[in-house]
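Listed here are the chains, written in short residue letters.
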Amino acid sequence: MVANMLSVAGADHIITMDLHASQIQGFFDIPVDNLYAEPAVLKWIRENIAEWRNSIIVSPDAGGAKRVTSIADRLNVEFALIHKERKKANEVASMVLVGDVKDRVAILVDDMADTCGTICHAADKLVEAGATKVYAILTHGIFSGPAISRINNACFEAVVVTNTIPQDGHMKDCPKIQCIDVSMMFAEAVRRTHNGESVSYLFSNVPY
């Protein structure tokens, strides 16, 4: 329905980032370019985590395994994942860590965080398992309900999000939240589309 509304309103091309499910592109009758935050995330890790060569990339659920393996391959480090069994929606039940994080910097990667229950539980699990530091890197920081207080009380070195959703207010309330500016990626995608150049370059490169 949203796809049809955008088309009817006159949009003839959509540029988006890290869709929760890539199949969403199929709902549109117009071209969709789904950009990835991954190149910007890799750049942030290399520039801001001094011990990144001794890190392990962790997915907070099995669904994000593909995302973390891709980042781990590009950094040439190992990956782990947390398997969780939900009793009902928005309620985390048991969590099982698959992978060895002992004496390593654990970097949790996910596409979005809403109430942050999952990533905060995951961070506790990683510290229990011997991780020296825990970072979280998320594309879309929704941060609803108790999210900010959960992050403030959790054991994160930093929670890094992009500005696909404005983060100024969240950053004031929570000093742990840091922001990756992805506006240049969108700007470059618009420029390339306008000039008929390839947008796929942006899938693995940062334009700045």
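Above this text you will find the structure in question.
A brief report on the enclosed structure follows. (Residues numbered from 1 in each chain as written. Predicted model: local features only at pLDDT ≥ 70, side-chain atom pairs only at ≥ 80, totals over all residues. Heavy atoms only, no water.)

1. With respect to the pairing of strand 9 (residues 177-180)
With 4 bridges joining them, strand 8 (residues 158-162) and strand 9 adopt parallel strand pairing. Across the sheet, the residue bridging to Thr 162 is Ile 180, located in strand 9. For the handedness criterion, the β-α-β arrangement of strand 8, helix 6 (residues 168-173) and strand 9 is classed as right-handed. (Pairing = 2+ DSSP bridges. Helix = DSSP H or I, 4+ residues; strand = E, 2+ residues; numbered from the N terminus. Right-handed = clockwise from strand over helix to strand, strands pointing away.)

2. Details of the packing of aromatic side chains
The geometry of two aromatic rings is summed up by the distance between their centres and the angle between their planes. Per the stated rule, a full pass over the model turns up 2 aromatic pairs. Measuring from ring centre to ring centre gives 6.3 Å for Trp 44 and Tyr 135, while their planes differ by 70°; the resulting arrangement is edge-to-face. Residue Trp 44 is located in helix 2 (residues 38-48), and its partner Tyr 135 is located in strand 7 (residues 133-141); the two are separated by 91 residues in the primary sequence. Here Arg 46 stacks its cationic end above the ring of Trp 52, 5.7 Å away from the centre of that ring. (Phe/Tyr/Trp six-rings, centres within 6.5 Å; stacked < 30°, edge-to-face > 60°. Lys NZ or Arg CZ within 6 Å of the ring centre and 35° of its normal.)

3. Brief notes about the environment of Asp 110
Within the element layout of this structure, Asp 110 appears in strand 6 (residues 105-113). Its relative accessible area of 11% is what places Asp 110 among the buried residues. Separated by 29 residues in the primary sequence, Asp 110 and Thr 139 place their C-alpha atoms 7.0 Å from one another. Those residues in contact with Asp 110 that sit more than four places away from it in its chain are Pro 60, Asp 61, Arg 67, Ile 137, Leu 138 and Thr 139. (Buried < 20%, exposed > 50% of the residue type's maximum accessible area, 1.4 Å probe, protein only. Contact = heavy atoms within 4.5 Å.)

4. So, the pattern of salt bridges
The tally for this structure, following the rule as stated, stands at 9 salt bridges. Between Lys 43 and Glu 47 there is a salt bridge, with the nearest N and O atoms lying 3.3 Å from each other. Within this pair, Lys 43 and its partner Glu 47 are both found in helix 2, separated by 4 residues, close to a single helical turn. For Glu 197, the salt bridge is made with Arg 191, and the minimal N-O distance between the two is 3.1 Å. The exposure class of Glu 197 is partly exposed, given its relative accessible area of 34%. Linked through salt bridges whose partners overlap, the residues forming this network are Glu 188, Arg 191, Arg 192 and Glu 197. (Salt bridge = Lys/Arg side-chain N within 4 Å of Asp/Glu carboxyl O.)

5. Some remarks on the layout of surface pockets
In this structure, the largest pocket spans a volume of roughly 1100 Å³. Listing elements by their share of the lining of the largest pocket, those giving two or more residues are helix 2, helix 3 (65-75), strand 4 (78-88), strand 5 (91-98), strand 6, helix 4 (117-128) and strand 7. When residues in the lining of the largest pocket are grouped by element, the largest group, 6 residues, is from helix 4. Across the lining of the largest pocket, the residue classes break down as 17 nonpolar, 13 polar and 13 charged. (1 Å grid on protein atoms, 1.4 Å probe; cavity = no way out; pocket = protein on both sides within 12 Å on 5 of 7 lines; lining within 4 Å. Points joined across faces, edges and corners; volume = space filled by probe spheres on them. Nonpolar A, V, L, I, M, F, W, Y, C, P; charged D, E, K, R; others polar.)

6. A closer look at the nonpolar core
Val 58, Leu 108, Leu 126, Phe 143 and Phe 156 are the most contacted members of the largest nonpolar core, which has 30 residues in total. Elements represented by at least two residues in this core include exactly strand 3 (55-59), strand 4, strand 5, strand 6, helix 4, strand 7, helix 5 (147-153) and strand 8. With 5 residues, the top contributor of residues to this core is helix 4. With 29 residues, the next largest nonpolar core counts Leu 35, Ile 45, Ile 71 and Ile 137 among its residues. (Core = buried A, V, L, I, M, F, W, Y, C linked by side-chain atoms within 4.5 Å.)

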